[in-house]
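Tertiary structure, described
Here is how the chains run, residue by residue.
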Amino acid sequence: TQQQTWSQRFESALHPAIARFNASINFDIQLIEYDITGSQAHAKMLAHTGIISTEEGEKLVSGLEKIRQEYRQGDFNPGVDAEDVHFAVEKRLTEILGDVAKKLHTARSRNDQVGTDTRLYLRDQIQQIRHLIRDFQGVLVEIAEENIETLIPGYTHLQRAQPLSLAHHLLAYFQMTQRDWERLGDVLRRVNISPLGCGALAGTTFPIDRHYSAKLLDFDAVYENSLDGVSDRDFAIEFLAAASLIMVHLSRLSEEVIFWASEEFRFVILKDSCATGSSIMPQKKNPDVPELVRGKTGRVFGHLQALLVMMKGLPLAYNKDLQEDKEALFDSVNTVKACLEAMTILLHEGLEFRTQRLAEAVCEDFSNATDVADYLAAKGIPFREAYNLVGKVVKTCIASKKLLKDLSLDEWKQLHTAFEADIYEAISPRQVVAARNSYGGTGFAQISKALTRARSQMTTH
Ligand code: ARG
């Protein structure tokens with residue numbers, strides 16, 4: 001049986017199944033580099049404050065660095081007997097340095113240690129996710145630039161509503177992910193606070209300098225209250241909420257891509273590099289990428305829910321329940337990164353918009369009906385009156401299997417004397433889109449401005 005760090009106080013050894021149940025090393029090994037960095041800062045602080053000697057501090061720092069190298073070379077693989085990454089590193093450090101290693105845990109607890117590690121990890125990951133959002137936005141802007149004049153049906157209730165510029169449709173996702181990018185920046189402000197030095201829960205008897213270690217680790221601030229510092233997981237929940245919203249946005253786009261690629265819509269062609277086939281139906285080409293993104297969205301929502309429920313009944317301060325935060329965070333981080341990357345590739349090289357089909361699609365419906373009403377309203381007819389008249393026209397057109405563009409000028413004039421020959425231009429899909437030149441609208445002139453704004457939003461830090 002294995003000696004645990006805390007075995008002296010115990011009569012007998014841990015049941016092997018309980019040891020496995022208790023252990024987090026299988027997943028928190030991912031924190032090892034942050035654990036080492038955090039311990040190095042702690043060691044430097046201990047030396048800086050004279051709690052240990054300068055020489056002892058230096059030994060601790062370089063011994064920890066050796067473990068980092070061993071880990072990177074694949075030579076450090078602690079098993080379940082190590083319990084968690086913190087004990088694993090401390091044990092290995094004792095093998096390397098001998099007695100001096102036993103001073104590392106002075107004025108520290110695993111509770112402030114794990115909180116420090118998790119925040120350092122999340123800070124790194126948030127920065128990586130923000131970069132991936134920028135890559136995704138870059139592709140959106142690129143495709144939007146090429147498709148300002150490509151028209152696509154716009155929907156409400158998934159019923160044809162008003163035609164749009166394809167660029168406008170894509171830039172809607174730009175703005176959603178821009179909020180995601182900003183939201184992560186806001187989360188980062190509360191992630192980047194140091195709990196190191198909160199101790200087990202009450203602080204420490206040693207004359208530590210929490211601001212010193214926080215500065216070494218590039219934290220912006222320190223937790224004001226030691227109890228709060230070791231038991232707060234708001235930052236993790238906030239991150240999962242922000243991650244969930246990223247997934248909402250990716251999932252909505254996925255859903256659109258999936259039906260755009262269907263025979264019923266035929267708006268996009270899926271390229272071979274991002275689609276898969278069927279084991280039985282030889283003709284199939286399936287949109288697995290957006291389907292997986294849509295499916296994985298549930299995982300991230302689930303992790304958010306798991307942490308909220310895990311936290312709600314916890315008394316202060318640390319409880320082992322908190323160990324459950326890690327798999328939720330790790331899986332969410334990995335899922336969001338993988339989905340952002342896959343969607344960026346899908347947009348960049350996996351989709352081809354069928355511009356001919358789109359041009360036909362915007363001509364085959366009544367999505368220019370609002371423009372007939374607007375035409376009359378612009379000539380002084382009260383909008384509701386004009387709207388009622390056009391409603392009747394649409395009804396008779398449907399009965400006679402005609403579209404608005406098929407009505408003769410005589411027929412228009414019989415409907416209302418205000419109609420002139422320019423009604424045909426006014427209801428052409430291109431003009432319908434161009435005319436929506438209000439700020440933030442789909443009009444082509446607006447889109448050029450929207451693209452300029454998007455490009456400058458992308459360069460803010
Ligand atoms: N593995 C633990 C966790 O992830 C580390 C902290 C353990 N602290 C304790 N008092 N048991 O939460």
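Each value, and the rule that gives it
- Residues numbered from 1 in each chain as written.
- Predicted model: local features only at pLDDT ≥ 70, side-chain atom pairs only at ≥ 80, totals over all residues.
- Pairing = 2+ DSSP bridges.
- Helix = DSSP H or I, 4+ residues; strand = E, 2+ residues; numbered from the N terminus.
- Near = placed C-beta within 6 Å.
- Nonpolar A, V, L, I, M, F, W, Y, C, P; charged D, E, K, R; others polar.
- Domains from an automatic or database assignment.
- UniProt positions renumbered as here; feature names shortened; annotations may be inferred.
- Axes fitted to C-alpha atoms, helices over the stretch in contact; angles between N-to-C directions.
- Parallel < 35°, antiparallel > 145°, perpendicular 65-115°, else oblique.
- Left-handed = near helix turned anticlockwise from the far one by under 90°.
- Contact = placed C-beta atoms within 7 Å.

Observations regarding the pairing of strand S1 (residues 151-156)
Summarising the sheet, S1 and strand S2 (residues 159-165) pair through five bridges and their orientation is antiparallel. Opposite Tyr155, over in S2, you have Arg160 as the bridge partner. Counting the residues between successive antiparallel strands, the hairpin from S1 to S2 contains two residues, one of them, His157, with a positive phi of roughly 60°.

Observations regarding the site of the ligand
Around the ligand, the neighbouring residues are Ser24, Asp28, Asp84, His86, Arg110, Asn111, Val114, Tyr318, Lys320, Leu322, Gln323 and Lys326. Considering every element that reaches the shell around the ligand, the biggest residue donor is helix H6 (residues 110-146), with three residues. Here the residues of the shell around the ligand are counted per class, giving three nonpolar, four polar and five charged. Three or more residues apiece are contributed to the shell around the ligand by two domains, here domain 1 (14-106) and domain 2 (111-358).

Comments concerning the environment of Lys395
The residue Lys395 is located in helix H15 (residues 383-399) in this model. Here the alpha-carbon distance between Lys395 and Val268, two residues 127 residues apart in the chain, equals 32 Å.

Looking at the UniProt feature "domain: Fumarate lyase N-terminal" (unreviewed entry) in the protein chain
The feature "domain: Fumarate lyase N-terminal" (unreviewed entry), as given by UniProt, occupies residues 9-302 in the numbering adopted here. What you have in residues 9-302 is 61% helix and 7% strand, and the ends, taken at the C-alpha atoms, are 39 Å apart.

Quick word on the domain arrangement of the protein chain
Taken domain by domain, the protein chain holds domain 1 (14-106), domain 2 (111-358) and domain 3 (369-458). On a C-alpha basis, the centres of domain 1 and domain 3 stand 70 Å from each other.

A closer look at the packing of helix H4 (residues 54-72) against helix H5 (residues 85-97)
H5 packs onto H4 with a crossing angle of 110° between their chain directions and a minimal axis gap of 10 Å. Taken together, H4 and H5 sit at an angle that is classed as roughly perpendicular. Considering the relative orientation of H4 and H5, their crossing is right-handed. Packed against H4, whose contacting residues are Lys59, Gly63, Leu64, Lys66 and Ile67, the element H5 presents Val89, Arg92, Leu93, Ile96 and Leu97 at the interface.

Comments concerning the environment of Asp209
Positionally, Asp209 belongs in the loop between strand S3 (193-194) and helix H8 (210-216). Linking Asp209 and Leu351, residues 142 residues apart in sequence, is a C-alpha distance of 55 Å.

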